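# Remarks on the overall topology
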Amino acid sequence: MEEIGFLGLGIMGKAMSMNLLRHGFKLTVWNRTLSRCDELVEHGATIGESPAAVIKKCKYTIAMLSDPAAALSVVFDKDGVLEQIGAGKGYIDMSTVDAETSSKISEAIALKGGSFLEAPVSGSKKPAEDGQLVILAAGERALYDAIIPAFDIMGKKSFFLGQVGNGARMKLVVNMIMGSMMNAFSEGLVLADKSGLDPQTLLDVLDLGAIANPMFKMKGPSMTKSSYPPAFPLKHQQKDMRLALALGDENAVPMPVAAAANEAFKKARSMGLGDLDFSAVHETVASSKGST
Ligand SMILES: NC(=O)C1=CN([C@@H]2O[C@H](COP(=O)(O)OP(=O)(O)OC[C@H]3O[C@@H](n4cnc5c(N)ncnc54)[C@H](OP(=O)(O)O)[C@@H]3O)[C@@H](O)[C@H]2O)C=CC1
Ligand SMILES: O=CC(=O)O
């Protein structure tokens, strides 16, 4: 496959691009904080000096950025994607954003004659390192077909969901469920502990029953030790809850559970936990002062 551009080398972008390099892809990378490119360069990547420079050089460019503001800035600002996108070039945004952001980007790229695909992912740092993401793509089918060799390296399964917006919406629904589950899990761990049970035994019981899942299994042991090394930063999970609630507003779907979960993530952010893993929401319950 031809050289691919990659914009955004945070937790996910770095893991995904390293994985592509390991599998023989040639990459030109850019990150706002340039020093984050160094490790990729050591593994064979080339640096592009701006998003525009990367687009100019590469037929296909992937982005993995924090939020709607970042996704829009990289496309619309000076030296951004729009300056060089055009006929024969494809832009694939894998960031988690809302459908409106994605549509704005898609329309602007179409006006320049380029192709666009949104492709947010389910799966965190480890699945990204291992090429085990679930890819939720929507937009131009021809671009999806062209980029499939890269998706096959980054993911264990890719879905094509139709028109732009469907990938963003699917991702927000999934993360809304995940964020709500994480809060219920945190409350359960604290309830077990405060009522005299061993949280580790609770984890063993959960893992054998109908609500066993990889998230409880992976995060539970570190949560019981109040350890939250960031795989999925809490500030991004709160962003996803906020965007999912807005989707609920648009569609008049009552979501009291998600709204409460969003409040807990906001509380965690106010406690300075935004850069830790989203499982740190546990601290909002664990560290609350209760009298018995
Ligand atoms: N971590 C995870 O488990 C998962 C994350 N996601 C989603 O993937 C996306 C990336 O997540 P993750 O890698 O964890 O996040 P990080 O916070 O680790 O990385 C964010 C990236 O966005 C860049 N960025 C932020 N603001 C701007 C801006 N204004 N202009 C240009 N670049 C900017 C950062 O650059 P800089 O280095 O300069 O700060 C960095 O490269 C998010 O949308 C997240 O919700 C999806 C699935 C799993
Ligand atoms: O967006 C986060 C994830 O784990 O998926």
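About the thresholds
- Residue positions are counted from 1 within each chain, in the order its sequence is given.
- Going through the entries in the order they are written, you letter the chains from A and number the ligands from 1.
- Per-residue local features are limited, in this predicted model, to residues with pLDDT of at least 70; the limit for side-chain atom pairs, both in listing and counting, is 80 or more; totals at the level of whole chains, interfaces and linings are taken over all residues.
- A domain assignment, automatic or from a database, supplies the domain bounds used here.
- Each residue gets a C-beta atom placed from its backbone, and two residues are in contact if those atoms lie within 7 Å.
- We call Asp, Glu, Lys and Arg charged. Ala, Val, Leu, Ile, Met, Phe, Trp, Tyr, Cys and Pro are nonpolar, and the rest, Gly among them, are polar.
- Field definition: a residue is buried when 20 or more other C-beta atoms are found within 10 Å of its C-beta, exposed when 12 or fewer are, and partly exposed for counts in between, with C-beta atoms placed from the backbone.
- For helices the rule is a DSSP run of H or I covering at least 4 residues; for strands it is a run of E covering at least 2, with both sets numbered from the N terminus onward.
- Pairing between strands is defined by DSSP: at least two bridges between them are needed.
- Clockwise travel from the first strand over the helix to the second, with the strands pointing away from the viewer, marks a crossover as right-handed.
- Being near a molecule or strand means, for a residue, that its backbone-placed C-beta atom lies within 6 Å of it.
- The quantity called pLDDT is the predictor's confidence in a given residue, expressed from 0 to 100.

In this section: the domain arrangement of the protein. Under the domain assignment, the protein is made up of domain 1 (4-162) and domain 2 (169-286). On a C-alpha basis, the centroid separation for the pair domain 1 and domain 2 is 28 Å. Domain 1 puts 13 residues into the contact, and the matching count from domain 2 is 14 residues. Considered class by class, the residues forming the side of domain 1 that touches domain 2 number five nonpolar, four polar and four charged.

Once that is clear, we can look at the pairing of strand S6 (residues 115-118). Every second residue of S6 is oriented toward a common face, with Ser115 and Leu117 on one face and Phe116 and Glu118 on the other, all of them buried. As paired strands, strand S5 (residues 90-93) and S6 are joined by four bridges and run parallel to one another. Opposite Gly90, over in S6, you have Ser115 as the bridge partner. Once you follow S5 into helix H5 (residues 99-111) and on to S6, the crossover reads as right-handed. Examined bridge by bridge, S6 and strand S8 (residues 133-139) share two bridges and lie antiparallel to one another. Opposite Leu117, over in S8, you have Gly139 as the bridge partner.

On to the site of ligand 2. In the vicinity of ligand 2, the contacting residues are Thr96, Ser122, Gly123, Ser124, Asn175 and Phe232. Taken together, the residues of the shell around ligand 2 break down into one nonpolar, five polar and no charged.

A few words on the confidence of the model for the protein. Overall, the prediction assigns the protein a mean pLDDT of 97, with 99% of residues at 70 or greater. Here the predicted complex scores 0.97 on pTM and 0.99 on ipTM.

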